[in-house]
Amino acid sequence: PGTVTVHDGGGQFIQYPDITSPPARYRVQQPLILVGMNVAANVGPGTNHTTTVTVRKTPVGGTIASTVYSLGFTGPTTSVSKYDASVNFAPGDFLHTQVSYDAAGNTTQDLSVQLDLF
């Protein structure tokens with residue numbers, strides 16, 4: 001849970017996604033299953049633009065794993081979801097959520113990510 005401001009004008013710039021090492025993450029406290037995700041925005045990326053949300057996993061004592069889920073949307077689209085696969089997480093694993101977008105002119109606003117965990 002949380003909020004990150006991304007702004008590339010008006011004299012303020014916050015680099016996102018976070019490129020520090022290790023990458024931003026959430027530590028899993030108890031066994032869980034990621035069964036799906038939904039990504040929504042109040043405004044879509046705009047013509048010829050794409051915004052992508054990627055979920056990755058780092059097992060305990062391991063290195064960041066490949067993509068678990070990835071959802072992208074383009075143009076005026078404001079909602080996408082994925083519920084066709086599940087991934088198990090063990091206590092101590094890390095769950096990473098990354099947002100990336102293409103060149104200037106992408107109009108995505110008020111992005112929310114819902115991860116369905118059981």
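Owing to the predicted nature of the structure, the values given are computational and were not obtained by experimental measurement. (Residues numbered from 1 in each chain as written. Predicted model: local features only at pLDDT ≥ 70, side-chain atom pairs only at ≥ 80, totals over all residues. Heavy atoms only, no water.)

1. Examining the packing of aromatic side chains
For clarity, the threshold we go by: When two rings of Phe, Tyr or Trp (its six-membered ring) have centres within 6.5 Å they constitute a pair, described as stacked for plane angles under 30 degrees, edge-to-face for angles over 60, and tilted for the intermediate range. Distance and angle both matter: a charge sits over a ring if NZ of Lys or CZ of Arg is within 6 Å of the ring centre and within 35 degrees of the ring normal.
Going through the model one piece at a time under the given rule, you end up with zero aromatic pairs. For the cation-ring pair, Arg25 lies above Phe94, with the distance from its terminal atom to the ring centre recorded as 4.3 Å. Between the NZ or CZ atom of Lys82 and the centre of the ring of Tyr69, over which it lies, the distance is 5.5 Å.

2. Quick word on the nonpolar core
The criterion, for reference: Nonpolar cores were defined as sets of buried Ala, Val, Leu, Ile, Met, Phe, Trp, Tyr and Cys residues, with membership established by side-chain atoms within 4.5 Å. Burial status follows relative accessibility: with a 1.4 Å probe on protein chains alone, a residue under 20% of its type maximum counts as buried, one over 50% as exposed, and anything between as partly exposed. In this text, helices come from DSSP runs of H or I with a minimum length of four residues, and strands from runs of E with a minimum of two, each type numbered from the N-terminal end. Residues are treated as being in contact if the distance between any of their heavy atoms lies within 4.5 Å.
Residues Leu34, Met37, Val39, Val55, Val68, Tyr69 and Phe89 are the most contacted members of the largest nonpolar core, which totals 17 residues. Of all the secondary-structure elements, those providing two or more residues to this core are β2 (32-40), β3 (46-58), β4 (67-75), β6 (87-89) and β7 (94-101). The residues contacting Leu34, other than those within four sequence positions of it, are Val55, Val68, Tyr69, Ala85, Ser86, Val87, Phe89, Leu115, Asp116 and Leu117.

3. Some thoughts on the environment of Gly105
Secondary-structure assignment places Gly105 in the loop between β7 and β8 (112-117). Counting along the chain gives 60 residues from Gly105 to Pro45, while the straight-line C-alpha distance between them is 8.3 Å. In this structure, Gly105 is in contact with Pro45 and His49, ignoring residues within four places of it in sequence.

Any functional reading would require information that these geometric values do not contain.
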